[in-house]
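Chain by chain, the residues run as shown.
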Amino acid sequence: MPHPEGERFRCDECGAEIMFVKPCPCPDSQHSDVCCGKPMRSLGVEASG
């Protein structure tokens, strides 16, 4: 699973963040975690609960 529950990404340009609240089974090639025209940086997986 490319994006597990709790994985977070941050845009180094504007500080926006996204977090997967549910696991995503899509292949990596179907995702383009981009903000401000640049790839977002993975912050890793945040432990739930």
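Above: the structure in question.
What you are looking at is a predicted structure, and each value in this text was computed from that prediction instead of being measured.

(A) Representation of the sheet that holds strand 2 (residues 17–19) within the structure. The sheet built from three strands is open, its strands ordered 2-1-5 with antiparallel pairing. Whereas interior strands pair on both sides, the edge strands pair on one side only; in this sheet they are strand 2 and strand 5 (41–45). For this sheet, the mean inter-axis angle between neighbouring strands, taken without regard to orientation, is 20 degrees. Pairing of strand 1 (residues 7–10) with strand 2, which is carried by three bridges, proceeds in the antiparallel orientation.

(B) How the structure looks around unusual backbone geometry. In this model, Cys 36 sits at a positive phi of 55 degrees, which is unusual for a non-glycine residue. Looking at the element boundaries, Cys 36 is found in the loop between strand 3 (34–35) and strand 4 (38–39). Using a relative accessible area of 47% as the deciding quantity, one classes Cys 36 as partly exposed.

Conventions adopted
Residues numbered from 1 in each chain as written. Predicted model: local features only at pLDDT ≥ 70, side-chain atom pairs only at ≥ 80, totals over all residues. Heavy atoms only, no water. Pairing = 2+ DSSP bridges. Helix = DSSP H or I, 4+ residues; strand = E, 2+ residues; numbered from the N terminus. Axes fitted to C-alpha atoms, helices over the stretch in contact; angles between N-to-C directions. Buried < 20%, exposed > 50% of the residue type's maximum accessible area, 1.4 Å probe, protein only.

In short, geometric facts, not functional conclusions.
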